[in-house]
Amino acid sequence: MSQNLSRLSAPLLLLALAACAGTPQQGRFLTSYEGLSPRADMVRAGALDRSDKAALDQVRAVRIEPAVFAPQAEARAWMTPVEQTAMLREVDAQLCFELSERFEIAGADAAPDVPRVRAAVTEVIPTGRVGSAASAAAGFFIPGPIGVRVPGTLGGLGAEAELLDPAGQQIAAIVWRRTAGAIGTDNPSLSRIGDALQFVEPFADAAAAAMTPEDHTARKITAETDPCLEFGSRFRVEGFGARFITGLYVPEASAARPAQAAPQVDPASQP
């Protein structure tokens, strides 16, 4: 009986993973969409990208511009300002984590001759909260690395990024999209943007791969030299703990640390 289930589970899992790889749509954000071609190594996501390998070999540092929503992104109509900020903050964090392993990260006041990275969220498919709770409950009784999601809970993310040289010429670019699978390792969430937040990391990984020079050596990052400390830890133990206990992805424990608000100055204390 167990052998029969194993034979059935493998094709079902492959089908579920294929369903995650949605067709990416152009978001009218990149400076150019010419030369983009499908990524052959994408299984759970759909992606189109291009890279100028010769130009990439000359890049030593990059400046990451704050992520934005693409002009046509409908998510802004239903996402609250807090959700929008959390989403863009996570994109900034994950791009910083990934790109800092490849390049020096220059600050916002960097010289104009430093190449810049631009990124935009083009689509956010909301995660169903009620169904996610049911999925987490089912996962408690059916433990294991592969979970089953209740229909109607599956969210997703679409995003784009590009690396531009100082003259504004595109060195590398990617258009990317992924939706959650009914069968797989995507964690349900009570947050409407839970799935989209989880998918920012694989998007950033794919974007950084498109921007990686050939034969590059990974840069060593330490707690003292990490240029991404403002976003919190790269390895979010709290998030893993929350998932283990509840079976849910919890943004408050798993996503990037919020930006620190500027200190408020009492006008009465001013001379």
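Residues numbered from 1 in each chain as written. Predicted model: local features only at pLDDT ≥ 70, side-chain atom pairs only at ≥ 80, totals over all residues. Heavy atoms only, no water.

(A) Broad picture of the overall build of the protein chain. Broken down by element type, the protein chain carries 7 helices and 10 strands. Across the 271 residues in the protein chain, those meeting the buried criterion constitute 45%. Here the contacts in the protein chain between residues at least 6 apart in sequence split such that 79% fall between residues at least 24 apart. Summed over its atoms, the accessible surface of the protein chain is roughly 14400 Å², and 59% of this surface lies on carbon and sulfur atoms. (Helix = DSSP H or I, 4+ residues; strand = E, 2+ residues; numbered from the N terminus. Buried < 20%, exposed > 50% of the residue type's maximum accessible area, 1.4 Å probe, protein only. Contact = heavy atoms within 4.5 Å. Areas by Shrake-Rupley, 256 points an atom, 1.4 Å probe, with all protein chains shown as cover.)

(B) Structural view of the environment of Ala167. Looking at the element boundaries, Ala167 is found in the loop between strand 8 (156-164) and strand 9 (170-179). Judged by its relative accessible area of 63%, Ala167 falls in the exposed class.

(C) Structural detail: the packing of aromatic side chains. Per the stated rule, a full pass over the model turns up 2 aromatic pairs. Centre to centre, the rings of Phe97 and Phe231 are 6.5 Å apart; their planes meet at 85°, and the pair counts as edge-to-face. In this pair, Phe97 is assigned in helix 3 (residues 81-99) and Phe231 in the loop between helix 5 (194-210) and helix 6 (237-246), connecting sequence segments 134 residues apart. Owing to a relative accessible area of 5%, Phe97 belongs among the buried residues under this scheme. The residue whose ring lies beneath Arg118 is Phe29, and the NZ or CZ to ring-centre distance is 4.0 Å. (Phe/Tyr/Trp six-rings, centres within 6.5 Å; stacked < 30°, edge-to-face > 60°. Lys NZ or Arg CZ within 6 Å of the ring centre and 35° of its normal.)

(D) Molecular detail of helix 5. Counted at 1.5 Å a residue, the expected span for helix 5 with its 17 residues is 24 Å, and the 25 Å between its end C-alpha atoms agrees. Remark: the principal bend of helix 5, roughly 30°, maps to Val200, with a proline, Pro202, within the next four residues. For helix 5, the tally of buried residues reaches 14 of 17 residues, placing the bulk of the element in the interior. (Expected span 1.5 Å × (residues − 1). Bend = angle between axes of the 7 residues up to and from the residue.)

(E) Quick peek at the state of the cysteines. Applying the stated criterion across every chain yields a total of 1 disulfide. Two residues share a disulfide in this structure: Cys96 and Cys228, whose sulfurs sit 2.1 Å from each other. Linking Cys96 and Cys228, the disulfide has an S-S dihedral of approximately -90° and is accordingly described as left-handed. Placement of the pair is Cys96 in helix 3 and Cys228 in the loop between helix 5 and helix 6, with a sequence separation of 132 residues. The class for Cys228 is buried, based on a relative accessible area of 0%. (Disulfide = S-S within 2.5 Å.)

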